[in-house]
Amino acid sequence: METWDCVVVGAGASGLVGAARLAESGRRVLVLEAADRLGGCIHSWRPRADFWLELGAHTAYNSYAPLLEALDGRGRLGDLLTREKLSYRFLKSDGGVQSPMARLSFVEAALSLPFGIGRAKAGRTVADWFGRLLGRGNYRRLLAPAFAAVLSQPADGFPAAWLFRRKPRMKSAPRKFTFPGGLQGLLEAVATGARFETRLNHPVAAIRADAGGYLLDVAGDRIACRQLMLAVPVDAAANLLRDAAPDIAVRLARFPMIDIEALAVVVAADRVALPRVAGLIGGDDAFWSVVTRDPVPHPSLRGFTFHFRPGRLDVAGQRARVAEVLGVTPDDFLEARATVNRLPAPGLEHPGLVAEIDDLLAGTPLALVGNYLNGLSIGDCAERAVNETARLLAQGDSHA
Ligand SMILES: Cc1cc2nc3c(=O)[nH]c(=O)nc-3n(C[C@H](O)[C@H](O)[C@H](O)COP(=O)(O)OP(=O)(O)OC[C@H]3O[C@@H](n4cnc5c(N)ncnc54)[C@H](O)[C@@H]3O)c2cc1C
């Protein structure tokens, strides 16, 4: 049986940032990934040799320092691509686009700000905190649909403390960036030639606690490790920890997950009526948002990923709506690809559950990282991975 110092399960942003840090500190690290590619929610579709389009996460910021440090560890920081500064727009019912500022009442904002500034976010929902900050009308018209577009789910009940947390910036990197081949290319660069080993198509089926650490069932084999980092979606983590850590598993099972139906299309640039934008905010439409390739322009192609609310339209309906918004017909789609993304949908009880989970993790050789522990963004995931890695490393050689 193979034995590793640390096994990381899941090769999304969380798992790869964690693996890079653990390996840098001298641990022998194995990453096991169920899918046939790295990235998880970071999924860069490459339908043509010279064209990629993001099906999931699209924008990374220089406040995602641990991600950039992992890339720096591979000497690839210089390969970052700056995203051109373009804005997000609301889609109007007549098909035109509207600046978000057109929905802001400055009078209401001015009257509300003195009562909203400085209020603690902890224990408050997004609707409560931001509604007090800019006023209920501004929240309803502007912020609620804009945040729903960011989160790909209704934002009202989301914990305010988990949205837009301030993080130190790495000022030498572009403020907003992507990578050749898309953001997935960045994670591929982190894993290529790294000190840790990655195995794709290796789903972990079960985990058992063992006196010296953990035993994992993987594709008919058994792998042992002294420390374990679970970097999988929260429902998968709940399932995998049923036997090894039942107290934690029952808490993880209380996190709801949501589906987002993505439809991505590539169209000849000269066919599209829509002006160049970073993206569209759907508001009451069938989609939460549209994310474009416009910030990384291509000479003859444009790409659009529509993130639809689940169950609103069938595939034919989605294709028709995409064509309508772009001012083309479905015959103009040079390439099209549908996929389903999944995200946690936390509410106010979940930060408290995370505190309980962290108490249960303390002193154990088990680390939990992912987008359900302190926020959805890649930066939040990377920050959690840094903290959990530090906890594992602080255990010294007793566990590894
Ligand atoms: C549509 C969309 C747009 C987004 N846009 C942005 C954005 O622009 N900027 C931003 O900062 N964030 C964005 N996010 C959020 C961000 O992308 C994710 O929260 C983050 O990438 C999650 O990373 P993760 O590694 O924690 O989890 P995941 O990316 O979910 O990775 C988990 C991995 O675990 C693997 N796995 C699952 N079960 C097993 C198993 N049993 N054995 C082995 N492997 C397993 C999965 O295959 C997957 O690769 C977006 C998310 C979505 C869905």
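As shown above, the structure is provided for reference.
Since the structure is predicted, the reported quantities are computational estimates derived from the model, not experimental observations. (Residues numbered from 1 in each chain as written. Predicted model: local features only at pLDDT ≥ 70, side-chain atom pairs only at ≥ 80, totals over all residues. Heavy atoms only, no water.)

## Looking at the overall build of the protein chain
Across its full length, the protein chain carries eleven helices and 19 strands. Its C-alpha atoms give the protein chain a radius of gyration of 22 Å, near enough to 21 Å, the size a compact globule of 400 residues would have. The dimensions of the protein chain, computed from C-alpha atoms along their principal axes, are 65 × 55 × 45 Å. Taken as a whole, the protein chain presents about 16,800 Å² of accessible surface, with 53% of it coming from carbon and sulfur. (Helix = DSSP H or I, 4+ residues; strand = E, 2+ residues; numbered from the N terminus. Rg over C-alpha atoms; globule rule 2.2 N^0.38 Å. Areas by Shrake-Rupley, 256 points an atom, 1.4 Å probe, with all protein chains shown as cover.)

## Some points on the state of the cysteines
Tallied over the full model, the rule gives zero disulfides. The cysteine C6 is free of any disulfide, with C225 supplying the nearest cysteine sulfur at 7.7 Å. Relative accessible area serves as the criterion here: at 1%, C6 is assigned to the buried category. Looking at C381, it has no disulfide partner, and the nearest cysteine sulfur is the one in C41, 7.8 Å off. (Disulfide = S-S within 2.5 Å. Buried < 20%, exposed > 50% of the residue type's maximum accessible area, 1.4 Å probe, protein only.)

## Notes on the side chain of N138
Relative to the helices and strands, N138 is located in helix 5 (residues 136-151). Classification of N138 by relative accessible area gives buried; the value is 0%. A polar contact is formed between the side chain of N138 and the backbone oxygen of L134, at a distance of 2.7 Å. Discounting residues that sit within four places of it in the chain, N138 has contacts with R103, L104, S105, E108, A109 and L143. (Polar contact = N/O pair within 3.5 Å; in protein donor to acceptor, adjacent residues only side chain to side chain. Contact = heavy atoms within 4.5 Å.)

## Observations regarding the site of the ligand
Lining the immediate environment of the ligand, one finds 33 residues, of which S14, E33, C41, Y64 and L376 sit closest. Within the contact set of the ligand, an oxygen atom lies 3.2 Å away from a backbone nitrogen or oxygen of A13. One nitrogen or oxygen atom from the main chain of A34 is found 3.1 Å from a nitrogen atom belonging to the ligand. Protein chains shield 90% of the accessible area of the ligand, which is 1,000 Å² for the free molecule. Mapped onto the shell around the ligand, the elements with two or more residues apiece are helix 1 (13-24), strand 18 (333-344) and helix 11 (378-394). Residue classes in the shell around the ligand are distributed as 18 nonpolar, 14 polar and one charged. When we break the shell around the ligand down by domain, the ones giving at least three residues each are domain 1 (2-82 + 174-256 + 346-398) and domain 3 (257-344). (Near = heavy atom within 4 Å. Nonpolar A, V, L, I, M, F, W, Y, C, P; charged D, E, K, R; others polar. Domains from an automatic or database assignment.)

## Details of the layout of surface pockets
Of the pockets and cavities examined, the second largest pocket occupies roughly 270 Å³. Among the secondary structure elements, those contributing two or more residues to the lining of the second largest pocket are helix 5 and strand 16 (287-292). At six residues, the largest contribution of residues to the lining of the second largest pocket is made by helix 5. Partitioning the lining of the second largest pocket into residue classes produces nine nonpolar, two polar and seven charged. Among the domains, domain 2 (101-148 + 155-162) and domain 3 (257-344) are the pair contributing at least three residues each to the lining of the second largest pocket. (1 Å grid on protein atoms, 1.4 Å probe; cavity = no way out; pocket = protein on both sides within 12 Å on 5 of 7 lines; lining within 4 Å. Points joined across faces, edges and corners; volume = space filled by probe spheres on them.)

## Topic: the sheet that holds strand 15 (residues 279-281)
An order of 8-7-15-16-17-14-18 is seen for the seven strands of this open sheet, with the pairing classed as mixed. One side of each edge strand has no neighbouring strand; the edge strands of this open sheet are strand 8 (97-98) and strand 18. (Pairing = 2+ DSSP bridges.)

## Quick word on the packing of helix 4 (residues 126-134) against helix 5
Two packed helices can be described by the angle between their axes and the distance between those axes. Taken N-terminus to C-terminus, the directions of helix 4 and helix 5 make an angle of 130°; their axes are 8 Å apart at the nearest point. As summarised for this structure, helix 4 and helix 5 are arranged oblique, according to the angle between their axes. For the pair helix 4 and helix 5, the sense of crossing is right-handed. Between helix 4, through V126, A127, D128, F130, G131, R132 and L134, and helix 5, the contact on the second element is made entirely by R136, N138, Y139, L143 and F147. (Axes fitted to C-alpha atoms, helices over the stretch in contact; angles between N-to-C directions. Parallel < 35°, antiparallel > 145°, perpendicular 65-115°, else oblique. Left-handed = near helix turned anticlockwise from the far one by under 90°.)

## A look at the sheet that holds strand 6 (residues 81-82)
One open sheet holds the three strands; their spatial order is 5-9-6, and the pairing between them is antiparallel. What marks the edges here is a single partner per strand, and that holds for strand 5 (60-61) and strand 6. Sheet topology note: the strand 6/strand 9 (residues 176-178) ladder contains two bridges and is antiparallel. Within strand 9, the position partnered with L81 by the bridge is T178.

## Thoughts on the pattern of salt bridges
Within the structure shown, the criterion is met by 26 salt bridges. Note that D5 and R226 form a salt bridge whose closest N and O atoms lie 3.2 Å from each other. Taken together, the residues span a long stretch of sequence, with D5 in strand 1 (residues 2-9) and R226 in strand 13 (residues 221-230) at a distance of 221 residues. On the basis of relative accessible area, D5 is assigned to the buried category, the value being 13%. (Salt bridge = Lys/Arg side-chain N within 4 Å of Asp/Glu carboxyl O.)

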